[in-house]
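A structural walkthrough
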Amino acid sequence: MSTIKKRNISILGPTEFTGIKLKEPAEYAAGIPAVKVALQHAFKEMGVVKSLHTLAHMNQKDGFDCPGCAWPDPDAPSKLGEYCENGAKAIAEEATNKRVDKSFFEKYSVEELSHWSDYQIGKSGRLTEPMILKPGSVYYEPISWEEAYRLIADELHKLDSPDEGVFYTSGRSSNEAAFLYGLFIRAFGTNNMPDCSNMCHESSGVGLSETLGIGKGSVKLEDFDKAEVILVIGQNPGTNHPRMLSALQKCKENKGKVVSINPLEEAGLIRFKNPQEIKGVLSSGTRLTDIHLQVKINQDVSLLKLIIKKLKVLDEERGDVFDHKFIDTYTQGYENLIKDVEKYSEEELLALCGVEESKIDEVVELLANNNKIIICWAMGLTQHKNGVDNIKECVNLLLLKGSLGKPGAGTCPVRGHSNVQGDRTVGIMHHVSPTLNTAIENTFGFTPPDKEGLDTVHAIEAMYEGRAKVFIALGGNFLSAAADTEYTAEALQNCDLTVSVSTKLNRTHLVTGKTGVILPTLGRSELDSKDGKPRYFTVENSMGKVHQSKGLLQPASESLKSEPEIIGGIADAYFHKGHVVNWKKLSEHYELIREKIEAVLNGFDDINNRSKGSGFYLPNNVRDLDFSKLPNGKAQFSVCAMPKHKIDENEFILMTIRSHDQFNTTIYGLDDRYRGIYNERRIVLMNEEDMKKYGLKKLDIVNLISNYNDKERKAINFLVIPYNIPQGNLASYFPETNVLVPYNHFADKSHTPISKSIVVKIEKI
């Protein structure tokens with residue numbers, strides 16, 4: 001087991017097996033099994049009465065937003081329950097009756113807890129009061145809120161430069177909390193604002209901004225009803241965004257077609273049994289995917305180039321396959337795109353992508369005959385060296401078809417965490433926006449810094465090298481989420497102070513700086529009030545709609561504070577009332593924060609009223625076909641390079657994946673029901689022909705080894721599972737395999753870690 005000398009902490013947790021059981025992969029998603037599992041999780045954590053009461057208010061107009069994914073709610077939410085299996089698991093984790101209090105920390109040292117699995121740590125329960133891990137100690141002990149604020153303020157004052165502070169944000173934070181956090185960080189004097197977007201959809205933001213002028217998708221939920229073709233690329237919605245399956249079902253009911261493009265054929269895209277419908281329970285369900293293209297890992301560009309090349313041939317024959325009027329009116333760079341595509345032969349592209357040509361031809365025919373096309377994607381496209389080009393190639397296809405700015409068509413990057421998009425919208429970014437800085441100065445009366453800050457990978461490097469000394473995280477499990485686990489752990493431990501604003505215990509709380517502080521906060525489902533008056537906050541969903549979220553449960557502890565109050569407390573202690581911003585007043589009155597959001601940011605007019613009920617959409621230039629901020633006022637075609645992987649004979653490309661019992665780094669259980677894997681997470685999926693070639697049998701034990709810049713990284717003790725995956729490719733769960741991802745190899749421009757295309761060797765034990 002990997003340990004380091006400081007506090008004798010286990011960085012990676014246990015590597016023992018937990019008793020694997022294998023079944024055939026599922027042939028459909030949801031249905032009665034999903035309802036059963038969801039209620040089992042909820043009842044176990046919350047009890048029957050509390051579970052039913054809580055679930056009835058999740059994703060309802062006057063209720064609270066799911067703390068899981070960012071999939072939008074329909075305007076008329078189902079009264080049967082507008083949540084999915086994993087949403088129920090997420091709220092069960094948050095609203096659990098278990099508590100992590102003073103007695104818990106008196107019983108368990110951080111050294112002992114570090115030897116627990118992430119699953120065990122997460123199941124400990126809700127944090128109840130501020131805690132401090134003092135230098136040299138291995139036991140957390142209570143600290144008052146005021147003492148915690150003063151300690152943090154003192155450490156920030158000790159820094160030689162504001163740039164020695166790193167301020168991380170998780171996607172669970174509200175718009176109000178994120179805006180206030182970003183305001184304080186800028187007032188403090190730095191743009192060191194790494195956030196979870198850096199690790200997931202940053203490639204989407206860069207690719208879309210450079211081609212279409214906005215780093216967000218362009219579709220609305222109702223566009224799925226009108227789409228003729230939906231491409232789902234590098235995404236597993238059945239596990240990661242289950243409510244998306246209902247939208248795909250509506251597309252199919254309206255005679256639309258669904259194409260899935262992924263190295264794994266996932267159950268959620270094969271067939272869907274909608275548990276909210278009688279036919280979904282009693283019938284065989286809805287067949288979602290019409291055509292599955294089993295592309296090799298990170299060969300999406302070669303596949304899309306081949307599709308475009310074949311469409312060009314048909315366009316030359318028929319003259320109506322590409323939307324030439326749209327291309328001439330709204331785009332730039334068409335000729336260069338066509339020249340690039342013509343450089344490659346169909347045979348070359350076919351060999352690279354590894355997809356059966358007859359299936360590609362079926363997709364080409366679909367695309368040729370339709371122009372209401374939506375392309376959806378997630379981490380399977382973004383977490384590669386060429387992640388930005390992956391997105392741009394998708395945009396190329398949509399521009400050729402004129403599939404933007406019309407009903408049933410457009411871009412759909414599916415965000416992972418519930419408000420990760422909102423955090424960025426309200427100002428959480430390491431980049432400098434002169435427009436935003438000017439608006440902040442005009443509104444608040446101080447000058448924000450104009451030096452670019454650190455993103456996630458460079459913040460880790462700065463902490464590792466001692467150039468950053470204080471790390472504050474607004475939510476999240478930074479250690480388990482980031483790449484290069486052992487390097488990241490060393491970076492955190494090099495800090496003088498690490499602070500986590502959290503609802504539940506996680507591994508980052510055990511791997512701290514010289515001093516570690518935990519500040520417990522309210523969950524989404526909990527009543528947030530001031531002087532007896534309920535407060536609400538707002539979030540932005542994956543399609544750019546802002547709406548309110550209002551909790552109803554009694555807080556897990558009377559000591560909990562909201563995220564804005566915690567931020568305000570730190571800011572007030574740091575400035576000690578010597579600042580133009582009244583931090584305490586602003587943090588306690590969310591309507592005042594929203595008024596400032598309205599004053600600083602475009603599109604938030606009358607937010608205090610418009611955010612209620614169904615909410616409102618933010619401006620989106622792509623929906624209006626307004627590309628005036630791009631070169632020559634045109635949407636941009638892109639010439640995208642082919643991905644390059646230097647693979648030796650005995651090497652594979654590994655992609656990290658989630659199990660069905662998991663959301664991001666939160667492990668709900670040990671089953672991956674849809675893939676037929678039960679009671680085990682230390683597995684690696686492998687093609688049977690590859691297994692024969694390397695003399696491996698089912699359940700053989702192997703180590704996975706990556707080597708970048710002559711540094712060997714090793715993930716030990718994994719069970720080989722034969723699976724339908726392309727030859728030369730492997731898949732395994734994160735965070736267990738994050739140790740293999742080098743912190744200093746990332747996507748061009750976006751700096752997103754290469755978690756979906758890691759070159760590895762297999763070492764048989």
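Everything here concerns the structure above.
The structure displayed is predicted, hence computed values, not measured ones. (Residues numbered from 1 in each chain as written. Predicted model: local features only at pLDDT ≥ 70, side-chain atom pairs only at ≥ 80, totals over all residues. Heavy atoms only, no water.)

Bringing the overall build of the protein chain into the picture now. When helices and strands are tallied, the protein chain shows 30 helices and 35 strands. For the protein chain, whose C-alpha radius of gyration is 25 Å, the value lies close to the compact-globule estimate of 27 Å for 765 residues. For the C-alpha atoms alone, the extent of the protein chain along its principal axes is close to 75 × 60 × 55 Å. In the protein chain, buried positions account for 64% of the 765 residues. The long-range share in the protein chain, meaning contacts at least 24 apart out of those at least 6 apart in sequence, stands at 78%. Of the accessible surface of the protein chain, which amounts to about 27300 Å², a share of 49% is contributed by carbon and sulfur atoms. Where the 92 positive side-chain charges of the protein chain centre and where its 102 negative ones centre are 3 Å apart. (Helix = DSSP H or I, 4+ residues; strand = E, 2+ residues; numbered from the N terminus. Rg over C-alpha atoms; globule rule 2.2 N^0.38 Å. Buried < 20%, exposed > 50% of the residue type's maximum accessible area, 1.4 Å probe, protein only. Contact = heavy atoms within 4.5 Å. Areas by Shrake-Rupley, 256 points an atom, 1.4 Å probe, with all protein chains shown as cover. Lys, Arg positive; Asp, Glu negative; His and termini not counted. Charge placed at Lys NZ, Arg CZ, Asp CG, Glu CD.)

Here we come to the sheet that holds strand E25 (residues 616-617). Pairing in this open sheet of 3 strands is antiparallel, and the strands run E23-E24-E25 from one edge to the other. This sheet does not close on itself; its edge strands, each paired only once, are strand E23 (537-540) and E25. Note: E23 against strand E24 (residues 545-549), 4 bridges, orientation antiparallel. Paired with Thr 538 across the bridge in E24 is Gln 548. (Pairing = 2+ DSSP bridges.)

What follows covers the pattern of salt bridges. Under the counting rule described, the total for this entry stands at 50 salt bridges. Linking Lys 89 and Asp 661 is a salt bridge whose minimum nitrogen-to-oxygen distance equals 2.5 Å. On the criterion of sequence distance, the pair formed by Lys 89 in helix H3 (residues 85-94) and Asp 661 in the loop between strand E27 (651-657) and strand E28 (662-663) is long-range, its members being 572 residues apart. Judged by relative accessible area, Asp 661 falls into the buried class, the value being 6%. Put simply, Glu 45, Glu 93, Lys 98, Lys 123 and Lys 504 are held in one network by salt bridges that share partners. (Salt bridge = Lys/Arg side-chain N within 4 Å of Asp/Glu carboxyl O.)

Moving on, we come to the environment of Lys 310. As for its position among the elements, Lys 310 is in helix H14 (residues 300-318). In this structure, the C-alpha to C-alpha distance between Lys 310 and Gly 676, residues 366 residues apart in sequence, is 37 Å. If near-sequence neighbours (up to four positions away) are discounted, Lys 310 is found in contact with Glu 346, Glu 357, Ile 360, Asp 361 and Val 364.

Packing of helix H1 (residues 31-46) against helix H2 (residues 48-55) brings their axes to within 7 Å, and their N-to-C directions diverge by 120°. Between H1 and H2, the angle is such that the two are oblique. Judged by the sense of rotation from one axis to the other, the crossing of H1 with H2 is right-handed. From H1, Leu 39, Ala 42, Phe 43 and Met 46 reach across to H2, where they touch Val 48, Lys 50, Ser 51, Leu 52, Thr 54 and Leu 55. Split by residue class, the contact of H1 with H2 holds 7 nonpolar, 2 polar and 1 charged. (Axes fitted to C-alpha atoms, helices over the stretch in contact; angles between N-to-C directions. Parallel < 35°, antiparallel > 145°, perpendicular 65-115°, else oblique. Left-handed = near helix turned anticlockwise from the far one by under 90°. Nonpolar A, V, L, I, M, F, W, Y, C, P; charged D, E, K, R; others polar.)

This part takes up the side chain of Asn 240. Here Asn 240 lies in helix H11 (residues 237-240). Residue class for Asn 240 comes out buried when judged on its relative accessible area of 15%. Side chain to side chain, Asn 240 and Arg 658 meet in a polar contact 3.1 Å long. Those residues in contact with Asn 240, other than ones at most four positions away along the chain, are Cys 69, Arg 658 and Phe 663. (Polar contact = N/O pair within 3.5 Å; in protein donor to acceptor, adjacent residues only side chain to side chain.)

Taken together, the side chains of Phe 43, Val 48, Val 49 and Leu 52 make up a nonpolar region of the molecular surface, amounting to roughly 370 Å² of accessible area. The leading source of residues in the nonpolar patch is H2, at 3 residues. Among the structural elements, Val 49 can be located in helix H2. (Patch = residues over 30% accessible without salt bridge, like charges linked within 9 Å, V, L, I, M, F, W, Y side chains within 5 Å.)

The residue Asp 690 is located in helix H30 (residues 688-693) in this model. Despite its burial, Asp 690 pairs with no opposite charge; the closest candidate is Lys 693, at 5.7 Å N-O. When residues no more than four places from it in sequence are discounted, the contact partners of Asp 690 are Phe 652, Pro 726, Gln 727, Gly 728 and Asn 729.

Read across the sheet, 5 strands follow the order E14-E11-E10-E16-E17 without closing on themselves; strand pairing throughout is parallel. Strand pairing shows two members of the sheet lacking a second neighbour, strand E14 (291-293) and strand E17 (410-413), which therefore form its edges. Taken over all neighbouring pairs, the strand axes of this sheet differ in orientation by 15° on average, direction set aside. Where strand E16 (residues 373-377) and E17 come together, 4 bridges link them in parallel fashion. Considered in E17, the bridge of Ile 375 is made with Thr 411.

Moving on, we come to the packing of aromatic side chains. With the rule as written, the count across this model stands at 29 aromatic pairs. Taking 5.5 Å as the distance between ring centres and 90° as the angle between the ring planes, the aromatic pair formed by Phe 104 and Phe 105 counts as edge-to-face. Of the residues examined, Phe 105 reaches a relative accessible area of 1% and is grouped as buried. Judged by centre distance (6.3 Å) and plane angle (90°), the rings of Phe 604 and Phe 616 are edge-to-face. Of this pair, Phe 604 sits in the loop between helix H28 (590-600) and helix H29 (607-610) while Phe 616 sits in strand E25, and the two are 12 residues apart along the sequence. When its relative accessible area of 1% is taken as the criterion, Phe 604 is described as buried. Put simply, the rings of Phe 167, Tyr 181, Phe 184, Phe 188, Tyr 574, Phe 575 and Trp 583 pair up and form one aromatic cluster. Over the aromatic face of Tyr 617 sits the side chain of Lys 220, whose NZ or CZ is 4.4 Å from the ring centroid. (Phe/Tyr/Trp six-rings, centres within 6.5 Å; stacked < 30°, edge-to-face > 60°. Lys NZ or Arg CZ within 6 Å of the ring centre and 35° of its normal.)

End to end, helix H8 (residues 175-188) covers 20 Å across 14 residues, agreeing with the expected 20 Å (1.5 Å per residue, within 8%). Positioned one or two residues after H8, Gly 189 has a phi angle of 120°, which is positive. (Expected span 1.5 Å × (residues − 1).)

This part takes up H2. Taken as a whole, H2 has its buried residues at Ser 51, Thr 54 and Leu 55. Along the long axis of H2, the arc covered by the buried residues comes to 90°, so they all point the same way. Packing partners of the buried residues in H2 comprise H1 and H3. (Arc of directions from axis to C-beta.)

On to the packing of helix H9 (residues 202-212) against helix H20 (residues 387-401). Between H9 and H20, the shortest axis-to-axis distance is 8 Å and the interhelical angle comes to 40°. Classified by the angle between their axes, H9 and H20 sit oblique to one another. Along this stretch, H9 crosses H20, giving a crossing that reads as right-handed. Residues Ser 203, Ser 204, Val 206, Gly 207, Leu 208, Glu 210, Thr 211 and Leu 212 of H9 touch H20, and the partners they reach there are Gly 387, Val 388, Ile 391, Lys 392, Val 395 and Leu 399. Split into classes, the residues belonging to the contact of H9 with H20 amount to 7 nonpolar, 5 polar and 2 charged.

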